[in-house]
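Fold and contact review
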Amino acid sequence: MTKSPKIIQIRKNILEDNDINAQKLRDKFKKHKILVVNIVSSPGSGKTELLTKLIPELNKQGIKVSVIVGDLKTENDANRIKKTRASTYQIQTDGNCHLEAHMIENALKNIDWKNSDILIIENVGNLVCPANYDLGENLRIVLMSVTEGEDKPLKYPTMFNSADVCVISKIDLAEAVEFNKKLAITNLKKINPDLKIIEASAKTLTGIKTLAETLIKY
Ligand code: MG
Ligand code: ZN
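Residues numbered from 1 in each chain as written. Chains lettered and ligands numbered in written order. Predicted model: local features only at pLDDT ≥ 70, side-chain atom pairs only at ≥ 80, totals over all residues. Heavy atoms only, no water.

1. What about the coordination of the zinc ion (ligand 2)?
Where we set the bar: Counted as coordinating are nitrogen, oxygen and sulfur atoms within 2.8 Å of the metal, or 3.2 Å for Na, K and Ca, while water is not included, which may make sites look incomplete. Only protein chains enter the calculation, and the probe is 1.4 Å; a residue is then buried if its accessible area is under 20% of its type maximum, exposed if over 50%, and partly exposed in between.
Donor atoms from the polypeptide that bind the zinc ion (ligand 2) are Cys97 (SG), His98 (ND1) and Cys129 (SG), placed at 2.0 to 2.2 Å. By relative accessible area, cysteine 97 is classed as partly exposed at 34%.

2. Things to note about the nonpolar core
We count it as follows: Side-chain atoms within 4.5 Å are what join buried Ala, Val, Leu, Ile, Met, Phe, Trp, Tyr and Cys residues into a set we call a nonpolar core. Helix and strand labels come from DSSP, where a helix needs a run of H or I of at least four residues and a strand needs a run of E of at least two; each type is numbered from the N terminus. We call two residues contacting when some pair of their heavy atoms lies within 4.5 Å.
Val37, Ile141 and Leu215 are the most contacted members of the largest nonpolar core, which has 28 residues in total. Contributing elements (two or more residues each) for this core: β1 (35-40), α2 (47-60), β2 (65-71), α3 (76-82), β4 (118-122), β5 (139-145), β6 (165-169) and α8 (208-217). Ranked by residue count, the leading element in this core is α2, at 5 residues. Leucine 215 has contacts with Leu35, Val37, Leu54, Leu58, Ile118, Leu139 and Ile141, leaving out every residue within four places of it along the chain. By size, the runner-up hydrophobic cluster in this structure holds 19 residues, among which are Ile91, Ala101, Trp113 and Ile121.

3. A word on helix α7 (residues 181-191)
Put simply, the test is: Our arc is simply the arc of the directions from the helix axis toward the C-beta atoms.
Inspection of α7 places Ala184, Asn187, Leu188 and Ile191 among the buried residues, and these make up the whole buried set. Projected down its long axis, α7 carries its buried residues within an arc of 100°, all on one side. In α7, the exposed positions that point more than 90 degrees away from the buried face belong to Lys182 and Lys190. Residues of α7 that are buried make contact with β5, α5 (152-155), α6 (157-162), β6 and β7 (196-199).

4. What about the side chain of lysine 152?
Mapping lysine 152 onto the fold places it in helix α5. Ignoring sequence-local partners within four residues, the contact set of lysine 152 consists of Ser42, Leu127, Met144 and Phe160.

5. With respect to the side chain of serine 145
Note the cut-off: Polar contact is the term for a pair of N or O atoms within 3.5 Å; when the atoms are in protein, one must be able to donate a hydrogen and the other to accept it, and sequence-neighboring residues count only if both atoms are side-chain atoms.
Relative to the assigned elements, serine 145 resides in strand β5. At 2.8 Å, the side chain of serine 145 forms a polar contact with the side chain of threonine 147. In contact with serine 145, other than residues within four places in its own chain, are Ser45, Ser169 and Lys170.

6. Quick word on the sheet that holds β1
Remark on secondary structure: sheet strands pair via backbone hydrogen bonds, oriented parallel or antiparallel. The criterion, for reference: By definition, two strands form a pair when at least two bridges between them are found by DSSP. Only the stretch in contact is used when fitting a helix axis, every axis being a line fitted to C-alpha atoms; angles between N-to-C directions are given from 0 to 180 degrees.
Spatial ordering of the open sheet is given by β3-β2-β4-β1-β5-β6-β7, a layout of 7 strands whose pairing is parallel. Only two strands of the sheet have a single partner each, and these edge strands are β3 (87-92) and β7. Pairwise comparison of adjacent strand axes, ignoring direction, gives a mean angle of 20° for this sheet. When β1 meets β4, the two strands line up parallel, connected through 5 bridges. Counterpart to asparagine 38 in the pairing with β4 is isoleucine 121. Against the sheet, α8 makes contact with β1, β4, β5, β6 and β7, and its axis sits at roughly 150° relative to β7, the strand it touches most.

7. Describing the packing of α2 against α8
As a reminder of what qualifies: With respect to orientation, any angle under 35 degrees is reported as roughly parallel, any angle over 145 as roughly antiparallel, any angle of 65 to 115 as roughly perpendicular, and every other angle as oblique. Crossing handedness follows the turn of the near helix against the far one: under a right angle anticlockwise gives a left-handed crossing, and clockwise gives a right-handed one. Under the scheme applied, nonpolar residues are Ala, Val, Leu, Ile, Met, Phe, Trp, Tyr, Cys and Pro; charged residues are Asp, Glu, Lys and Arg; polar residues are all the others, including Gly.
Contact pair α2 / α8: the axes reach a minimum separation of 9 Å and the direction vectors enclose 60°. One element, α2, and the other, α8, form an angle in the oblique class. Once α2 is placed against α8, the crossing between them reads as right-handed. Across the interface between the two elements, Leu50, Lys53, Leu54, Glu57 and Leu58 from α2 touch Ile208, Lys209, Leu211, Ala212, Leu215 and Ile216 from α8. Taken together, the residues of the contact of α2 with α8 break down into 8 nonpolar, no polar and 3 charged.

And the structure:
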């Protein structure tokens, strides 16, 4: 079934409004010299767990971090991240499957973002529409866990194409799930030749330092 022109127009207007709001955010972040990172992935790839290890590593290197996290419901992820003592705010989208720039604008009132060097936004777990919503970030990181299948980038090209960095997460499980790393990297590069790829594990801390340094150098 093809969509009616009216629906397409409404969708186009929403995206245009979002782009305007995102640009306003980007200007504001630039003024305060804050690096903003948008982390996207499918549900269960380990975004929150990675952050609980990445934030202490950044802190160790003198970098202050604030966090906005999005989920449909619950404050569970924010509560986990708050244990790192980062200023954290949970957005509950109440059904919306992605974050939009105006939600970030509102969330800023609830965190100490001006006092941080890096603002990390953990998006709603979803590899589809978050690709189309600019949140005013400087850097987009997509997670792909070794349990997800090597063809994820081919199935969700927009997301992998719009990202700057791909973290292959849960790398400690690679052998157990017979993850074909070579094939995964070939697929990632096919969709996005410029993608920086970092293998990481929140469990063994593999790649956490590399990821922290990537953010610091950016
Ligand atoms: Mg999470
Ligand atoms: Zn959505």
